[in-house]
There are 2 protein chains.
Amino acid sequence: MIERLLPCVGWLGRYDGVAFRGDALAAVIVTIMLIPQSLAYALLAGLPPQVGLYASMLPLIGYALFGSSSTLAVGPVAVVSLMTAAAVGEIAAAGTPEYAGAALALALLSGFFLIALGLLRLGFLASLLSHPVISGFITASGLLIAASQLKHILGVDAGGHTLLDLGRSLAGGIGETNLPTLAIGVAATAFLFWVRAWLKPLAMRLGLGARLADTLAKVGPIAAVLVTILLVDLFSLDAAGVQVVGAIPQGLPPIALPPVDLDLWRELIPSAVLISIVGFVESVSVAQTLAAKRRERIQPDRELVGLGAANIAASLGGGYPVTGGFARSVVNFDAGARTPLAGVLTAVGIGLTALLLTPLFHQLPKATLAATIVVAVLSLVDLGALKRTWVYSKADFAAMAATILTVLVAGVEAGILAGVGLSLVLFLARSARPHMAVVGQVPGTQHFRNVKRHEVVTSPSVLSLRIDESLFFANARWLEDKLYDMAVADPAIRHVVLICAAVNEIDASALESIETLSERLQAAGIDFHLSEVKGPVMDRLERSDLPDRLSGKIYLSQHDALAALDPETTRTAESGPRPRRSAAALAL
Amino acid sequence: MIERLLPCVGWLGRYDGVAFRGDALAAVIVTIMLIPQSLAYALLAGLPPQVGLYASMLPLIGYALFGSSSTLAVGPVAVVSLMTAAAVGEIAAAGTPEYAGAALALALLSGFFLIALGLLRLGFLASLLSHPVISGFITASGLLIAASQLKHILGVDAGGHTLLDLGRSLAGGIGETNLPTLAIGVAATAFLFWVRAWLKPLAMRLGLGARLADTLAKVGPIAAVLVTILLVDLFSLDAAGVQVVGAIPQGLPPIALPPVDLDLWRELIPSAVLISIVGFVESVSVAQTLAAKRRERIQPDRELVGLGAANIAASLGGGYPVTGGFARSVVNFDAGARTPLAGVLTAVGIGLTALLLTPLFHQLPKATLAATIVVAVLSLVDLGALKRTWVYSKADFAAMAATILTVLVAGVEAGILAGVGLSLVLFLARSARPHMAVVGQVPGTQHFRNVKRHEVVTSPSVLSLRIDESLFFANARWLEDKLYDMAVADPAIRHVVLICAAVNEIDASALESIETLSERLQAAGIDFHLSEVKGPVMDRLERSDLPDRLSGKIYLSQHDALAALDPETTRTAESGPRPRRSAAALAL
């Protein structure tokens, strides 16, 4: 019981020295990787650098207590940082206390929402985000983030939450490019791309083991940090106009309640919902991939609670919205993390950094952090997915392309809403026109088959239709129009029978459509009947007023219906010779 | 061809004296009914009374040219007036020129949107509004409208777009109730309820024919208008504090472009979309019901264009958003209207009223108009639908109740969005967990059946699953988790086979879930296979990278799959004795 509430009780009870060695090593490597990332993502979110460090402490402990993945590494990530900047930027100017306060409130609301989803077992809501929408969203966010960092690499003032605003603002400032900044930015970007692509093979050729070479490539970015700090310090580049991180307060995060301001909260709720769902979807997929490698399992509803706890911890401990990071979790896993204690130890590592090392980062150029971000996010951009999706499904391609374009042109929140909206509309458009067939009686049998595919006998006065899908709001209106049009097209028709053998559900909209259709047909002198209604569907229909309002009857079988409505044709059909095809084929 | 663009060409070509007599009589009756309604609905929308008359002229001609219903009576209606007040009230104060301008712009945008939907054949989007949501929306709007009119009946100052705001504001003003106003308001309301319920039976008992009695009941409300005007005039009740309509400019509507202000338009677009869809849904259902009585048909996409033309006409001719009215169309139909010319003649009637009769309405008490509205909208309130829906379907009830509560508490726009959102979420929640069965081989056959319902042989190392629904984004993630959990639950499992015989579609999300699942299972030492994939689905899968990324194979039949993956069990099963049930039962 207690283990269901607090999963940590389970793994702490089984903890041993082997697990600790794995966790400790992983924590050291993740800490080194996380230092530049946390500073950089805080910059991306428009927050002071120390906020990135704070968001990498308490949230990791919050997740370790409640999360269900043994290796997920929680903290600030690129896409959520961008979404935070977009949401909070609507409310306050970057750099003000109101801005930081709104970021804390956003983390709190996001935490509450995630926990509520988890406790109410509503994790399936994440399926509103189809894969093409997520993929398009991440690609477009990556492009937008990379574009937003150009100002730091050029050393100019610029801003904006869409590609257009960014481009216009950069074009205006490009004349004031600061050359030392540009040199550092380009060199750092080139170095980091080189580390990512070439350091591991090089290290292996120099005789290092694959695992050590891999670790070297992951912690390599810290070298760019240290070298550029030294360069700035030695040549006083900050005096030459190179923007540096500046003074970072030394010490642990302030523990405090985020601002309790209902008007602010109301404004932030939609953004908190979007950030929560995007963060959850990203996080749970990496957690599941890693869990599978150890034949473990992730409980999505527990993951929601774990991420919710992490975000509430972020809001109490001076951070901003967090989630599980992809690259970071893979590093944690590969470095041998066994339990969430690796996360706690990482938090301790970041805590020591905040206590002791922040003076070191005073001279760190913002261009170096921007280079870290650019290299990290460009690996998220997958334009090839557009082509693959186009080949596979035009509808999915449309949703993906709409998401990408809207993110770039109108920003992240509009983008995700456009993608979700279009996915739903396209899905409803498909569901709105289910397959329906006019059927007739196979001579010499009591079977009814599609008139287009079989030699069958049809009644001149009875139109028999078989529908191959459940009836619900998306196709109710279509059914109403389609059946009516088909019925009145032939003036000899006196009865319409809808065969419901494949109908698993009739919702209230479809029920009302059937009643309206019955009235419309009756006004045109035609009776409307149902046949072969399934048991559970019939039980519900009997609780409604349909049996009274239907102009016709509900028949157990289509044969019963036709025998009652047009006995003559039925007799003719049954006495007729069977078609040449075997009865076995007809039974299919 | 020309008839497809302009449906009026068709009926004008066949026009004759019989049709004219029907149209003219209907126009006279609808005009008498429309005069108090159009003044009252303009009041409800927060607009000057003449705007209601203007909205009952050009729009009727616009619809007559492009609409497809022969009897739909277009003009101002209660729910759309309320929605207009809510939308425009966000932008300007009632009574200002900006307010009237925004209402014109709203009609223009609504017209453009309706025409675009019609030309793009997107009428199916209206199915986003399920029947319970529409029903709940109309009931709640009716209650809200009735509540909003209480201030006119009490003669106090009050306002607000939610029940809470209205109640609070009324409670504050109730001490200042104006007694003559209250007397007129209560008497008019009682009289109008009496007309609606008792005038027709009384007239018939007095020897009038049913049709004449019915007409009398429909035009009865004009008596309340005339009598209360007389009372105010005779006893100078306006000096005693009875609010009257006041001076109405005499003459035809000003023809002018509505304000072209892109910022204003951007703010109004969401409201225009909602108003258009609600108006269309209401209008098309009454048009279809009436068309059925004459065995005619309505083309929903043409209706969109007709209503769009009516709204653009409203925006050019000094009106505000309009749609087809329910009661008014029924009266038009019953009075014998044959063609849309009845609408044109009604427009002429209203035009004569605007030219000649407006001085008459100077002393018309607002309380009388409020009584007209209250009596009209209370007939829309159907709280019994809540109970019927509860009995039939809990999910539909939830959507309906959420719509009603949100409309009352947070306003009309929030209400409709809440209802649509909840319908979709509940639908996805149902789709997210499709039916799935573990299957085994029927001994002595090559058939596979649900292990829970049949005596079958299962392989210890192969898990065979049959899924009974198409795979798409709403169930992709569920499938991924469910299959993985089932597979790793038994350590002996080495292969999972998903039988796709009932899968009509695999969208890009489901494709990616299958690939991810394959990788997760492979990481756990399990191969993942598909069998019995349908032709069209297979064609698309072959265009994807699935054949390369799937750890297992795609088998033509489940029997092939099992014979390859566990030949021993297959041999045992096939040589085993058939179960006692007949082979025919197994073929089902």
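Residues numbered from 1 in each chain as written. Chains lettered and ligands numbered in written order. Predicted model: local features only at pLDDT ≥ 70, side-chain atom pairs only at ≥ 80, totals over all residues. Heavy atoms only, no water.

What follows covers the environment of S68 of chain B. Residue and element names in this part refer to chain B. Note that S68 resides in the loop between α5 (58-66) and β1 (74-75). According to the relative accessible area criterion, S68 is buried, its value standing at 18%. Sequence separation between S68 and T372 is 304 residues; the distance between their C-alpha atoms is 30 Å. Of the polar contacts made by the side chain of S68, one reaches the backbone nitrogen of Q299; its length is 3.5 Å. (Helix = DSSP H or I, 4+ residues; strand = E, 2+ residues; numbered from the N terminus. Buried < 20%, exposed > 50% of the residue type's maximum accessible area, 1.4 Å probe, protein only. Polar contact = N/O pair within 3.5 Å; in protein donor to acceptor, adjacent residues only side chain to side chain.)

So, about the pattern of salt bridges. Residue and element names in this part refer to chain A. On inspection of all chains with the given rule, the structure shows 20 salt bridges over all chains. D481 is paired through a salt bridge with R520; the nearest N and O atoms lie 3.6 Å apart. With a gap of 39 residues between them, D481 in helix α21 (residues 473-489) and R520 in helix α22 (residues 508-523) connect regions that are remote in the sequence. Accessibility classification places D481 together with R520 in one group, the buried group. A salt bridge links E519 to R549, with the shortest nitrogen-to-oxygen separation between them at 2.6 Å. Taken together, the residues span a long stretch of sequence, with E519 in helix α22 and R549 in helix α24 (residues 546-549) at a distance of 30 residues. When salt bridges with common partners are traced through the structure, they connect E515, E519, D545 and R549 into a single cluster. (Salt bridge = Lys/Arg side-chain N within 4 Å of Asp/Glu carboxyl O.)

Residue and element names in this part refer to chain B. If you trace the six strands from one edge of the open sheet to the other, you get β4-β3-β5-β6-β7-β8, paired in mixed fashion. Two strands lie at the open edges of the sheet, namely β4 (448-450) and β8 (554-555), each paired on one side alone. Running at roughly 175° to strand β6 (residues 495-499), helix α25 (residues 558-565) makes contact with β3 (436-441), β4, β5 (462-467), β6, β7 (527-531) and β8 of the sheet. (Pairing = 2+ DSSP bridges. Contact = heavy atoms within 4.5 Å. Axes fitted to C-alpha atoms, helices over the stretch in contact; angles between N-to-C directions.)

Attention shifts here to the nonpolar core. Judged by nonpolar contacts, the single largest core of 210 residues is most densely connected at L129 and F137 of chain A together with L129 and F137 of chain B. Discounting residues that sit within four places of it in the chain, F137 of chain B has contacts with V79, M83, V278, T403, V407, V412 and I416 of chain B. (Core = buried A, V, L, I, M, F, W, Y, C linked by side-chain atoms within 4.5 Å.)

With respect to the helices and strands, the residue A292 of chain A is situated in helix α13 (residues 262-293). Exposure remark for A292 of chain A: the relative accessible area of 0% places this residue in the buried category. When the C-alpha atoms of A292 of chain A and L428 of chain A are compared, they prove to be 34 Å apart, with 136 residues separating the residues in sequence. When near neighbours in sequence (up to four residues on either side) are disregarded, A292 of chain A contacts Y484, R520, A523 and A524 of chain B.

Moving on, we get to the pairing of β5 of chain B. All names here are of chain B. Most of β5 is tucked away, with five of its six residues classed as buried. Direction of pairing for β3 relative to β5: antiparallel, over a ladder of three bridges. Opposite A437, over in β5, you have R466 as the bridge partner. Looking at chain direction, β5 and β6 are connected through five bridges and run parallel. Within β6, the position partnered with L465 by the bridge is L498. For the segment spanning β5, helix α21 (residues 473-489) and β6, crossover handedness is right-handed. (Right-handed = clockwise from strand over helix to strand, strands pointing away.)

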